[in-house]
Amino acid sequence: MIRRYRIRGGRPLRGAMRVPGDKSIGHRAIIFASLAEGRSTITGLSGGLDNLSTAQIFREMGVSIDLDDERAVVEGVGLDGLKMPKGALDCGNSGTTMRLVAGILSAQRFGTRLVGDESLTRRPMRRVVDPLRARGANIAGVSGPKEGEVYPPLSVAPLIDDEHLIALEYTSPVASAQVKSCLLLSGLWARGVTAISEPVLSRDHTERMMNALGVPIQVVGPMVVLDPVGWDRRWDGFTWHVPGDPSSAAFPMAAALLVPGSEVTLEGVCLNPTRTGLFDALRAMRAQLAFTPKGEAAGAEPIGDVTVTHGPLGPAMTGGELLTRMIDEVPAFCAVASAANGRSDVRDAHELRVKESDRLATSAGVLRAFGLDCTELDDGMHVHGGAKPHAAEVDSGGDHRIAMMAAVLGMACEGETVVHDVACVDTSFPGFASLMSSLGADITVEESE
């Protein structure tokens, strides 16, 4: 079944909406609930396919998880209660699932295999395989298009006899929350300290959750240290609410900034400073944003409402530490930058070459399809703003963020835009079309054989 969006643009967007729960936080909440002792209740989950993949993997390792749309009740088995699955563990499209679970499996006394869909088999895994091997894990991937790289599926052999994970001091060449979280999770079983440093601080959801659960962890800037000496290796079940995903909020925000007459409020969004790079970039473009703090959610994550009002925009640049804090929102940023008066730059974005698609190439392709001007660079893009987009027919290439980027550009056009291959949006933003319709967008979903 092929799914597409059909969009008739130019209609102002107005009102309030809740975006799906943050899937990065959702993955980790499910993981920590599975490893807790006792029952945990998690609300606000995204309902997307990626979080479902994580939940199903722990079910197959003996964890009871009653999952109903956005709510999960998890009967944790403790750090030593996971069981050998009957077959391979399917991560679907979720690189986060594969990398985080690899850290957990590396410490087990049973072997298994991590597999995924066609897109996931093209994602690089050496960044977790090498440091896990360095601490004693028996893990391997397969060769692929880039010489020397490691790709899925990942095979993890059991630790046997007197084997155990050892201390690790690791300097990551890239700022990656997935690498950091993988190694911290493996450190829960290690005999010795796990110390990780990054070029700049990446998302810190894992550290916040560990701290909330009493895991002995210390964070100093871009360095984190887990020292298990004297720790009883346990935590109780908990009740957590997952805040709204700023990466999903990026697209209705972009639509509001692109369509004249629009004003949209996104409710209960995660305002963790490691995730608010796009907000800072938009404010540099003189975008009209207003924030209303609303307390905290899972693992002491700050949350609040964000109101976005259409208005004139200036150019901006993102790179370095700012880019790290908005890596998933670059397609939305590029869409907004196309309306700014001047040239906006994206730099230091090599990591986007190895997402669900080559997001630099696919984002540039979408902009050009709408008649917008950009120059693709090795590590980013120049977006030459100020032109009015025209309606287009584009293909997402199976990348959920590219599909939503094209959809919001279509909302800013006169005429009809068609976006093909949009089933992938369900991985992160189920109900995207209906929620945008509730704000006034003219967007319909069509399916065909």
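Placed above this text is the structure.
Below is a summary of the structure that appears in this document. The structure presented is a predicted model; accordingly, all values stated were derived computationally and were not measured. Each chain has its residues counted from 1, following the order in which its sequence is written. Per-residue local features of the predicted model are confined to residues with pLDDT of at least 70, and side-chain atom pairs are confined, for both listing and counting, to 80 or more; whole-chain, interface and lining totals are unaffected and use all residues. Note: side-chain values were computed over all heavy atoms of the structure, leaving out hydrogens and water.

## Quick notes on the overall build of the protein
Helix and strand assignments come from DSSP, with helices taken as H or I runs of at least 4 residues and strands as E runs of at least 2, each series counted from the N terminus. Assigned secondary structure in the protein consists of 13 helices and 24 strands. In the protein, which comprises 449 residues, the share counted as buried stands at 60%. For the protein, restricting intrachain contacts to residue pairs at least 6 apart in sequence, the fraction spanning at least 24 positions comes to 76%. In these tables, accessible area is a Shrake-Rupley quantity obtained with a 1.4 Å probe, and a residue counts as shielded only by the protein chains included in the view. Per element, the accessible surface of the protein, about 16200 Å² overall, is 49% carbon and sulfur. In this count, Lys and Arg are taken as positive residues and Asp and Glu as negative ones, while His and the chain termini are left out. Working definition for charges: the position is that of NZ of Lys, CZ of Arg, CG of Asp or CD of Glu. The averaged location of the 56 negative side-chain charges in the protein is 1 Å from the averaged location of its 43 positive side-chain charges. Burial classes follow relative accessibility: with a 1.4 Å probe on protein chains only, a residue under 20% of its type's maximum area counts as buried, one over 50% as exposed, and anything between as partly exposed. The contact rule is simple, with two residues in contact once any of their heavy atoms fall within 4.5 Å.

## Brief notes about a negative patch on the surface
Patch construction takes residues with relative accessible area above 30% that form no salt bridge. Like charges are linked within 9 Å, and nonpolar side chains (Val, Leu, Ile, Met, Phe, Trp, Tyr) are linked within 5 Å. For this document, the term salt bridge refers to a Lys or Arg side-chain nitrogen within 4 Å of an Asp or Glu carboxyl oxygen. A grouping of D66, D68, D69 and E70 is seen on the molecular surface, where their side chains present a negatively charged patch. Under the relative-accessibility criterion, D69 is labelled exposed at 56%.

## A closer look at the state of the cysteines
A pair of sulfur atoms, both from cysteines and within 2.5 Å, is called a disulfide here. Taken as a whole and assessed by the stated rule, the structure comprises 0 disulfides. Note on C374: no disulfide assigned, nearest cysteine sulfur contributed by C334 at a separation of 7.8 Å. No disulfide involves C413; its sulfur sits 15 Å from that of C374, the nearest cysteine.

## Some points on empty space enclosed by the protein
Note on definitions: the grid is 1 Å and covers protein atoms alone; a cavity is a set of points where a 1.4 Å probe fits but cannot get out; a pocket is an open set with protein on both sides within 12 Å along at least five of seven lines; lining residues have an atom within 4 Å of a point. Grid points are joined across faces, edges and corners, and a volume is the space filled by probe spheres set on the points. If you walk through the whole model with that rule in mind, you get 1 cavity of 30 Å³ or more. By volume, the largest cavity is sized at about 40 Å³. Around the largest cavity, the lining residues are I30, L45, G47, G48, N51, L52, A55, L67 and D69. No other element matches the 3 residues that helix α2 (residues 49-60) contributes to the lining of the largest cavity.

## Structural notes on the sheet that holds strand β19 (residues 343-346)
Each pair of strands is called paired provided DSSP finds at least two bridges between the two strands. Read across the open sheet, the 4 strands follow the order β18-β19-β21-β20; overall the sheet is mixed. Of all strands in the sheet, those with a lone pairing partner are β18 (317-318) and β20 (373-377), marking the two edges. Two elements, β19 and strand β21 (residues 380-384), share 4 bridges in a ladder whose sense is antiparallel. In the strand pairing of β21, V346 is matched with M381.

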